[in-house]
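# Residue-level structural notes
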Amino acid sequence: MRKPIIAGNWKMNNTQAEAVELINALKPLVADVTKTDVVVCVPYTCIEKVKKAVRGSKIKVGAENVAWADKGAFTGEISANMLKEVGAEYVIIGHSERRQYFGETDKTVNMRTVQALKNDLKPIVCVGETLDEREGGITNKVLDTQLYGAFEGFTQDDIKKVVIAYEPVWAIGTGKTATSEQANDTIKYIRKVLAKMFTRPVANKVRIQYGGSMNPKNASELMAMSDIDGGLIGGASLKAEDFSKVVKFNG
Ligand code: 13P
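Attention here is on the structure that accompanies the text. (Residues numbered from 1 in each chain as written. Predicted model: local features only at pLDDT ≥ 70, side-chain atom pairs only at ≥ 80, totals over all residues. Heavy atoms only, no water.)

### Points about the pairing of strand β5 (residues 122-127)
- Burial within β5 is extensive, with five of its six residues counted as buried.
- With four bridges connecting them, strand β4 (residues 90-93) and β5 associate as parallel partners. The residue bridging Val91 from the neighbouring strand is Pro123, located in β5. (Buried < 20%, exposed > 50% of the residue type's maximum accessible area, 1.4 Å probe, protein only. Helix = DSSP H or I, 4+ residues; strand = E, 2+ residues; numbered from the N terminus. Pairing = 2+ DSSP bridges.)

### Thoughts on the sheet that holds strand β7 (residues 207-211)
- With parallel pairing, the eight strands of this closed barrel are ordered in space as β1-β2-β3-β4-β5-β6-β7-β8. Strand-to-strand twist of the sheet, defined as the mean angle between neighbouring strand axes without regard to direction, takes the value 25°.
- Where β5 lies against strand β6 (residues 163-166), four bridges are found, and the strand directions are parallel. Residue Val127 lies in a different strand from β6, and its bridge partner there is Tyr166.
- In this fold helix α7 (residues 139-150) packs onto β5 and β6, with an angle of close to 155° to the strand it touches most, β5. (Axes fitted to C-alpha atoms, helices over the stretch in contact; angles between N-to-C directions. Contact = heavy atoms within 4.5 Å.)

### Here we look at the nonpolar core
- Ranked by size, the top nonpolar core spans 69 residues in total, and within it Val50, Phe151, Ile164, Leu194 and Tyr210 carry the most contacts.
- Considering every element that reaches this core, the biggest residue donor is helix α9 (residues 180-197), with seven residues.
- Ile92, Ile124, Ala165 and Leu232 belong to the second-largest nonpolar core, a separate cluster that totals 11 residues. (Core = buried A, V, L, I, M, F, W, Y, C linked by side-chain atoms within 4.5 Å.)

### A short note on the environment of Phe243
- Within the secondary structure, Phe243 is located in helix α12 (residues 240-247).
- C-alpha separation for the pair Phe243 and Leu26, spaced 217 residues apart in sequence, amounts to 7.9 Å.
- What Phe243 contacts, discounting residues up to four positions off in sequence, is Ile6, Ala7, Gly8, Leu26, Val38, Val39, Val40, Ile233, Ala236 and Ser237.

### Looking at the packing of aromatic side chains
- Tallied over the entire structure, the rule returns four aromatic pairs.
- If you follow Lys122 out to its NZ or CZ, it ends over the ring of Tyr90, 5.3 Å from the centre. (Phe/Tyr/Trp six-rings, centres within 6.5 Å; stacked < 30°, edge-to-face > 60°. Lys NZ or Arg CZ within 6 Å of the ring centre and 35° of its normal.)

### Brief notes about the packing of helix α1 (residues 16-29) against α12
- The N-to-C vectors of α1 and α12 enclose an angle of 35°; their axes lie 9 Å apart at closest approach. Crossing angle aside, the handedness with which α1 passes α12 is right-handed. In this structure, α1 uses Leu22, Ala25, Leu26 and Leu29 to contact α12, whose residues at the interface are Ala240, Glu241, Phe243 and Ser244.
- Considering only residue class, the contact of α1 with α12 consists of six nonpolar, one polar and one charged. (Left-handed = near helix turned anticlockwise from the far one by under 90°. Nonpolar A, V, L, I, M, F, W, Y, C, P; charged D, E, K, R; others polar.)

### Structural notes on the site of the ligand
- Surrounding the ligand, one finds Asn9, Lys11, His95, Glu167, Ala171, Ile172, Gly173, Gly212, Ser213, Leu232, Gly234 and Gly235.
- In this structure, an oxygen atom belonging to the ligand sits 2.9 Å away from a main-chain N or O atom of Gly234.
- Within the contact set of the ligand, an oxygen atom lies 2.8 Å away from a backbone nitrogen or oxygen of Gly235.
- A per-class count over the shell around the ligand returns three nonpolar, seven polar and two charged. (Near = heavy atom within 4 Å. Polar contact = N/O pair within 3.5 Å; in protein donor to acceptor, adjacent residues only side chain to side chain.)

### Re a positive patch on the surface
- The grouping of Lys49, Lys51, Lys52, Arg55, Lys58 and Lys60 at the surface amounts to a positive patch.
- The element that contributes the greatest number of residues to the positive patch is helix α2 (residues 47-53), accounting for three residues.
- Relative to the assigned elements, Lys49 resides in helix α2. (Patch = residues over 30% accessible without salt bridge, like charges linked within 9 Å, V, L, I, M, F, W, Y side chains within 5 Å. Areas by Shrake-Rupley, 256 points an atom, 1.4 Å probe, with all protein chains shown as cover. Salt bridge = Lys/Arg side-chain N within 4 Å of Asp/Glu carboxyl O. Lys, Arg positive; Asp, Glu negative; His and termini not counted. Charge placed at Lys NZ, Arg CZ, Asp CG, Glu CD.)

### Here we look at the side chain of Glu129
- Within the secondary structure, Glu129 sits in the loop between β5 and α6 (131-135).
- Engagement of the side chain of Glu129 in a polar contact is seen with the side chain of Trp170, the distance being 3.0 Å.
- In this structure, Glu129 is in contact with Arg134, Thr139, Val142, Tyr166, Glu167, Pro168, Val169 and Trp170, ignoring residues within four places of it in sequence.

### Examining the packing of α7 against α9
- Contact geometry for α7 and α9: axes closest at 10 Å, N-to-C directions at 45°. As the angle between them shows, α7 and α9 are arranged oblique. Between α7 and α9 the crossing geometry is right-handed. The segment α7 lies against α9, with Thr139, Asn140, Leu143, Asp144, Leu147 and Tyr148 engaging Thr186, Tyr189, Ile190, Val193, Lys196 and Met197.
- Here the residues of the contact of α7 with α9 sort into seven nonpolar, three polar and two charged. (Parallel < 35°, antiparallel > 145°, perpendicular 65-115°, else oblique.)

Purely geometric numbers; function is a separate question.
This is the structure in structure tokens:
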């Protein structure tokens with residue numbers, strides 16, 4: 001059985017003070033959750049404060065990106081070591097906003113994910129098609145390229161440590177959720193590709209989240225699907241009440 005994992009992606013939101021306030025509100029709401037991993041991925045500047053704020057709870061803390069190199073002349077980048085120093089355990093890699101606005105490619109996603117694993121950070125690797133790609137009938141082809149690119153050179157042990165987030169770009173921040181069938185079918189396809197790349201038993205162990213306008217209203221239906229193991233939550237993770245309801249998708 002794959003343990004569900006609900007992760008918030010705060011994106012470029014929250015000052016340190018707002019971050020602590022949000023965590024303080026969230027903690028009591030999810031205090032009794034044990035069967036689901038709860039993660040908040042937050043801006044670099046909030047990590048240390050959030051790490052302190054989650055003390056006494058099971059909430060884990062993550063970053064939203066990581067450099068592919070150990071150190072050196074990489075202006076604006078943050079290394080895995082630096083993230084670990086302030087308490088990050090998870091890291092989002094290859095989010096569509098990074099691909100769209102900051103030139104992230106499958107190759108750099110691969111390099112960042114390798115670096116995360118080398119440093120015992122748990123990567124949440126994002127894949128997903130745009131609206132044009134879905135309407136053009138090339139969703140599977142796009143996913144093939146993203147998956148083979150992201151996980152090139154990975155061993156079976158490596159891939160088991162990765163969480164994959166399937167985020168159809170057209171469903172992010174738009175209020176348009178993929179139907180649960182659409183999301184489940186595509187995630188099944190992702191698992192089929194993983195089975196080809198690794199083996200079926202290994203593919204069955206990898207946790208795959210859905211992301212894109214997931215909220216308290218649709219979470220339980222999405223999470224009831226056979227292949228959806230969690231959610232990567234943007235907007236709804238910025239409100240303690242909403243995020244806690246997604247985390248408690250099963251009541
Ligand atoms: P929304 O939940 O705001 O659609 O964002 C999804 C997302 O991009 C999570 O990484």
